[in-house]
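A look at the structure
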Amino acid sequence: MTTPAIITVAITGAVPRKADNLAVPVTPSEQIESTHEAYEAGASVAHIHVRNPDESSSSDPALFAQVQDGIVKHCPGMIVQFSTGGRGRNQNERGSMLHLKPDMASLATGSVNFAKIIYENTPQLVEELARSMLQYNVKPEVEVFDVAMLYNAKTLADRGLLKRPCQVQFVMGIPNALPVRRKLLEFLVSELKELMPDATWSAAGVGRHQLEVNQWCFELGGHIRTGLEDNLKFDRDRLARSNAELVSRVAEMCGKYGRHAASPSEARQILQLPPPKP
Ligand code: ZN
């Protein structure tokens, strides 16, 4: 028996589309289609950002609802995870779609510099988003962009603002935030295991580091994140054709590490999420 590895596909992200990333799905119908292909390739979690018609990042609940409905309909059991990320969005609106009760939503537990901006998550905003997720029974995925955020998550869980077991995502390779170092990931994982032994985790490597971080996650027993949000290239010389292509790449790696791509129901069990709504 092999152990399931949950594959999350981050299909879109918040960065405006340029000539070199036309494979990134932007409209709700493109997003649903791309998620469906990734689901067929082995993804069990879809991490969703939505875009306005001008392709800027949006918090419009109507867009989130459209994508959510399409995924529920076409990808039975798949876990829908909304981003509450800040880039290009009004701070007050970042949780404005949580009433749609996605299975999960991202929650960054602190502020950090990115390449050119401050990714601002004040203690008050973090707490508001966490409370809102509790209210609507949405499981947070804690996004750790810098080391303190791991300890903040533990504090929030101790205060009852995050339900256990927590799912934690370490994001490596964003300029000015966590660097891509295996020793650092090993340290973060060992700290997580000591602080919250029941937690699950995965890590995302940005850009050319995606595949390397995928390998580390397999080796260290974590779950896997891939997708065009984090990386547009399949390898050094070629752009990825689709989210599904990036998902297939990690799904095919599973066997080498005694893992298999988790089915949606296995992923729900591991994350302690309820079965999908009929
Ligand atoms: Zn995201």
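Below, the structure is looked at part by part. (Residues numbered from 1 in each chain as written. Predicted model: local features only at pLDDT ≥ 70, side-chain atom pairs only at ≥ 80, totals over all residues. Heavy atoms only, no water.)

1. Digging into the nonpolar core
For the record, the criterion: Residues belong to a common nonpolar core when they are buried Ala, Val, Leu, Ile, Met, Phe, Trp, Tyr or Cys residues joined through side-chain atoms within 4.5 Å. The rule is simple: take the accessible area with a 1.4 Å probe, protein chains only, and divide by the maximum for that residue type; under 20% is buried, over 50% is exposed, in between is partly exposed. By definition in these notes, contact holds between two residues if any of their heavy atoms fall within 4.5 Å.
Within the largest apolar cluster, 71 residues are counted, with the highest numbers of intra-cluster contacts made by Ile-48, Phe-145, Leu-162 and Phe-170. In this structure, Phe-170 is in contact with Val-144, Leu-150, Leu-185, Leu-188, Val-189, Leu-192, Trp-201, Ser-202, Ala-203 and Ala-204, ignoring residues within four places of it in sequence. In this structure, Ile-79, Ala-267, Leu-271 and Leu-273 belong to the second largest nonpolar core, which totals eight residues.

2. Quick notes on empty space enclosed by the protein
Our working definition: The definitions used throughout rest on a 1 Å grid laid over the protein atoms alone, on which a cavity is an enclosed set of points accommodating a 1.4 Å probe that cannot get out and a pocket is an open set flanked by protein within 12 Å on both sides along at least five of seven lines; lining residues are those having an atom within 4 Å of a point. Grid points are joined across faces, edges and corners, and a volume is the space filled by probe spheres set on the points. Gly is put with the polar residues, along with every residue not named as nonpolar or charged; the nonpolar set is Ala, Val, Leu, Ile, Met, Phe, Trp, Tyr, Cys and Pro, and the charged set is Asp, Glu, Lys and Arg.
In total, this model carries one cavity of 30 Å³ or more according to the counting rule given. The space that makes up the largest cavity amounts to roughly 50 Å³. Forming the walls of the largest cavity are Ile-6, Thr-8, Val-45, Gln-81, Met-104, Glu-141, Gln-167, Ser-202, His-223 and Leu-271. Considered class by class, the residues forming the lining of the largest cavity number four nonpolar, five polar and one charged.

3. Looking at the coordination of the zinc ion
Selection rule: Coordination partners: N, O, S within 2.8 Å of the metal, 3.2 Å for Na, K and Ca; water not considered, so apparent gaps in a site are possible. Metal sites are grouped by the angles between bound donors: all angles between 85 and 135 degrees with four donors is tetrahedral, opposite donors over 155 degrees apart with the others between 65 and 115 is square planar for four donors and octahedral for six, and any other pattern is irregular.
Those donors, His-47 (NE2), His-49 (NE2), Glu-229 (OE) and Glu-229 (OE), are the protein atoms that reach the zinc ion, and they lie 2.1 to 2.7 Å from it. Every donor counted, the four donor atoms about the zinc ion form angles of 53 to 132° at the centre, which fits irregular coordination. Taken in chain order, the donor set of the zinc ion reads H-x1-H-x179-E. An identical accessibility class is assigned to His-47 and His-49; each is buried.

4. Description of the pairing of strand E10 (residues 139–144)
Rules: Only runs of H or I of at least four residues qualify as helices and only runs of E of at least two qualify as strands under DSSP, and these elements are numbered from the N terminus. Note on pairing: DSSP must find at least two bridges between two strands before they are called paired.
Counting buried positions along E10 gives six out of six residues, so the element sits mostly inside the fold. The side-chain alternation of E10 yields two buried faces, one formed by Lys-139, Glu-141 and Glu-143 and the other by Pro-140, Val-142 and Val-144. Two elements, strand E7 (residues 104–108) and E10, share five bridges in a ladder whose sense is parallel. Looking at the pairing, Ala-105 lines up with Pro-140 of E10. Bridging between E10 and strand E11 (residues 167–172) involves four bridges; their strand directions are parallel.

5. Re the environment of Ser-132
The topology assignment puts Ser-132 in helix H3 (residues 123–135). Since its relative accessible area comes to 15%, Ser-132 is described here as buried. The sequence separation of Ser-132 and Gly-95 amounts to 37 residues, and the corresponding C-alpha distance is 7.5 Å.

6. A few points about the packing of aromatic side chains
Quick note on the threshold: Only rings of Phe, Tyr and Trp enter the pairing, Trp through its six-membered ring, and a pair is recorded when the two centres are within 6.5 Å. The plane angle decides the type: under 30 degrees is stacked, over 60 is edge-to-face, the rest tilted.
All told, the structure shown has six aromatic pairs when counted by the stated rule. Both rings, one in Phe-64 and one in Phe-82, keep their centres 4.6 Å apart while their planes meet at 50°; by these two values the pair is tilted. With a gap of 18 residues between them, Phe-64 in helix H2 (residues 61–74) and Phe-82 in strand E6 (residues 79–82) connect regions that are remote in the sequence. Residue class for Phe-82 comes out buried when judged on its relative accessible area of 0%. Centre to centre, the rings of Phe-218 and Tyr-257 are 4.9 Å apart; their planes meet at 0°, and the pair counts as stacked. Of the two residues, Phe-218 sits in helix H6 (residues 210–220) while Tyr-257 sits in the loop between helix H7 (243–253) and strand E16 (259–261), which places them 39 residues apart along the sequence.

7. Brief notes about the layout of surface pockets
Unfilled space is identified by rolling a water-sized probe across the atoms. Roughly 960 Å³ of internal volume is contained in the largest pocket. Surrounding the largest pocket, 38 residues form its lining, Val-15, Arg-87, Val-206, Glu-229 and Asp-230 being those nearest its centre. Considered class by class, the residues forming the lining of the largest pocket number 15 nonpolar, 13 polar and ten charged. Taken as a whole, the second largest pocket encloses approximately 370 Å³ of empty space. If you trace the second largest pocket, you find 24 residues lining it, with Asn-137, Val-138, Lys-139, Leu-273 and Pro-274 closest to the centre. Only H3 and E10 provide two or more residues apiece to the lining of the second largest pocket. Among the elements that take part in the lining of the second largest pocket, H3 stands out by supplying three residues, more than any other. Counted by class, the lining of the second largest pocket contains 15 nonpolar, two polar and seven charged residues.

8. Quick look at the sheet that holds strand E13 (residues 223–226)
Selection rule: In this analysis, axes come from line fits to C-alpha atoms, helices being fitted only over the stretch in contact, and the angle between any two N-to-C directions falls in the range 0 to 180 degrees.
Here eight strands make up a closed barrel; going around it, the order is E2-E3-E6-E7-E10-E11-E12-E13 and the pairing parallel. Within the sheet, the average angular offset between the axes of one strand and its neighbour, ignoring direction, is 25°. Sheet topology places strand E3 (residues 45–48) next to E6; four bridges connect them, and they run parallel. Paired with Ile-48 across the strands is Phe-82, a residue of E6. This element, H7, spans strand E2 (7–10) and E13 of the sheet and lies at about 160° to E2.

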